[in-house]
Amino acid sequence: MVNDTGGETRDHQTAVARPSLLLTGLRRSGKTSIQHVIFSKMQPSQTQFLESTPQLTSNHFSCGSFINIQIQELPGQLHTFPSSQSSSISGGNSGQASPYDDDTNLVGGGYNMERLLKQCNAVVYIIDAQDDYNQSIARLHLIIQLGRRVNPKIRYEVFIHKVDQLSEEVKRETQRDIHNQIRDRFADSSGAIDPWLRTSFMSNSNSQEILINFHLTSIYDHSIFEAFSKVIQKLLPQFGQLEYLLNHLLSASNIERAFLFDIQTKISIATDSAPSDIQIYELCCDMIDLLINMSEIYGQPNINCIQDTECEDDDSNNEPVMNGNHSSTTNSCRNSSLGTTPITNNPYTSGIETTNEPASNVFDSMSSSIIKLTGHRALYLKEINHHLALICVLRDEALSKQAIIDYNVEQFKEYILKLFRLNQENSESSMSS
Ligand SMILES: Nc1nc2c(ncn2[C@@H]2O[C@H](COP(=O)(O)OP(=O)(O)OP(=O)(O)O)[C@@H](O)[C@H]2O)c(=O)[nH]1
């Protein structure tokens with residue numbers, strides 16, 4: 001008893017310090033591919049050569065010392081519920097037999113699903129939209145049922161995946177069908193929907209209140225990055241403050257949209273509160289690529305950068321460095337680590353090291369860029385620390401007051417660095433106490 005309580009307290013402390021995400025779905029649904037495409041820059045076409053993942057793997061997404069999220073991949077072939085649990089948690093709600101009735105062991109190889117769910121903050125569940133997804137939905141239902149019992153705060157992010165081969169109409173139909181099937185599983189014999197589902201169930205919402213979200217994704221376009229960004233954003237304890245600061249920056253500087261990007265993964269860790277727009281997201285990603293590529297080709301060596309790969313921690317530990325206006329990026333010193341992140345083979349530990357190293361040696365405190373677009377719009381990029389960039393979309397006439405924008409962005413940068421520093425101190429003190 002005492003040990004259990006201690007374990008739970010430790011789990012809670014760890015969750016406070018490092019949010020955790022459980023990535024699961026049936027075999028070949030695309031779990032490993034998603035991680036490789038996002039975190040190790042694997043070309044999508046190369047993912048067809050990936051081998052099946054036989055074990056639970058654990059990886060980390062970190063953005064300097066600021067953000068540290070644990071990502072556990074639970075392979076599809078591992079059966080996760082013993083028969084006693086699966087029948088009790090399916091609870092006669094749907095009246096359908098569990099596809100796991102024959103399973104007699106906890107997660108194959110001894111993984112304890114209850115414990116995994118207790119420890120995690122979000123479940124990312126991958127459904128292969130090109131396959132027959134009935135069995136996949138049955139498994140998701142079981143996971144939600146168990147999750148509600150052991151950890152009611154879990155958020156479920158359902159990726160309706162591999163939609164690249166589907167027409168817009170088929171995508172919409174598939175999404176509707178999956179919604180309906182999930183809803184039916186939460187209905188009792190009279191057809192009444194479980195009240196929990198009614199409040200938790202909504203598509204394409206960013207709200208923190210919604211516990212089940214759906215995303216149409218594919219590794220062959222930016223949709224997977226955008227969906228993963230939304231998942232990560234909701235896991236960040238600083239989510240609300242970051243959104244508030246970005247909104248404030250917009251109103252003070254005549255900017256239309258603002259995003260904070262991790263430049264290595266192109267995950268947007270925060271945005272203003274306007275609805276998401278995949279085209280703007282793609283533009284921002286292209287700007288990061290352009291900036292890094294240009295800097296690598298034409299940039300100058302930066303000795304400080306070579307000597308100190310923890311540049312960003314300088315930023316986080318000291319007052320932020322104020323920069324003058326630089327209309328382009330420089331400071332290439334050696335090959336960027338972009339695209340070369342090592343992948344370890346130990347299936348028990350990190351499958352994909354998402355690294356604490358600087359995202360790129362050509363991205364530093366001098367990095368900034370403005371690109372004018374057709375349609376009287378412009379993109380404005382500014383380094384926040386060695387991992388993070390602020391990217392704004394604005395009308396080009398707003399650039400006539402660029403000095404104000406630059407000043408506000410410096411203030412914003414200062415706040416952001418302080419915010420993360422405070423957060424880090426808080427989580428360290430909560431861990432030590
Ligand atoms: N068309 C398409 N294929 C995809 C996509 N994502 C993954 N795949 C393919 O799906 C297959 C299975 O991908 P994996 O990443 O190995 O799937 P997994 O879920 O990790 O599989 P297990 O490790 O066996 O559980 C590979 O051939 C991928 O190339 C996608 O978005 N679109």
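Quick caveat: nothing in here was measured; it's all calculated off a predicted structure.

A few words now on the environment of S167. On the secondary structure map, S167 appears in the loop between β5 (155–161) and α6 (168–185). Here S167 falls in the exposed class, since 9 other C-beta atoms lie within 10 Å of it. With 83 residues separating them along the chain, S167 and L250 place their C-alpha atoms 36 Å apart.

Before going further, it helps to spend a moment on the site of the ligand. Residues in close proximity to the ligand total 22 residues, the closest being G30, T32, S33, S52 and T53. A total of three residues in the shell around the ligand trace back to one element, the largest contributor, which is helix α2 (residues 31–39). Residues belonging to the shell around the ligand are distributed by class as follows: four nonpolar, 13 polar and five charged.

Turning our attention to the pairing of strand β11 (residues 388–395). With respect to burial, β11 is a largely interior element, seven of its eight residues being buried. Where strand β7 (residues 257–262) and β11 come together, six bridges link them in antiparallel fashion. Looking at β11, one finds that R257 is bridged to V393. Where strand β10 (residues 377–383) hands over to β11, the hairpin turn is made up of four residues, counted between the paired strands.

A separate point is the sheet that holds strand β8 (residues 267–271). One open sheet holds the five strands; their spatial order is β8-β7-β11-β10-β9, and the pairing between them is antiparallel. Bordering the open sheet on either side are β8 and β9 (368–373), each of which pairs with just one other strand. Pairwise comparison of adjacent strand axes, ignoring direction, gives a mean angle of 25 degrees for this sheet. Where β9 meets β10, six bridges bridge the pair, whose relative direction is antiparallel. The partner of S368 across the bridge, within β10, is K382.

Negative phi is the rule for most residues except glycine; trans is the rule for most peptide bonds. One non-glycine residue, K266, adopts positive backbone phi at about 60 degrees. As for its position among the elements, K266 is in the loop between β7 and β8. One non-glycine residue with positive phi stands out, namely H376, at about 60 degrees. Tracing the backbone through its elements, the reader meets H376 in the loop between β9 and β10. Residue classification places H376 among the exposed positions, given that 10 C-beta atoms sit within 10 Å.

Next up on the list: the confidence of the model for the protein. The predicted coordinates of low-pLDDT regions are not to be read in fine detail. Of all residues in the protein, 68% attain a pLDDT of 70 or more, and the chain-wide mean is 75. The least confident element of the protein, judged by mean pLDDT, is helix α12 (residues 311–317) at 41; the most confident is strand β4 (residues 122–128) at 96. Long-range and interchain partners of residues 1–16, a stretch whose pLDDT sits below 50, account for nine contacts in this model, where long-range means more than four residues apart.

The rules behind each value
Residues numbered from 1 in each chain as written. Predicted model: local features only at pLDDT ≥ 70, side-chain atom pairs only at ≥ 80, totals over all residues. Helix = DSSP H or I, 4+ residues; strand = E, 2+ residues; numbered from the N terminus. Buried ≥ 20, exposed ≤ 12 C-beta atoms within 10 Å, placed from the backbone. Near = placed C-beta within 6 Å. Nonpolar A, V, L, I, M, F, W, Y, C, P; charged D, E, K, R; others polar. Pairing = 2+ DSSP bridges. Axes fitted to C-alpha atoms, helices over the stretch in contact; angles between N-to-C directions. pLDDT = per-residue confidence, 0-100. Contact = placed C-beta atoms within 7 Å.

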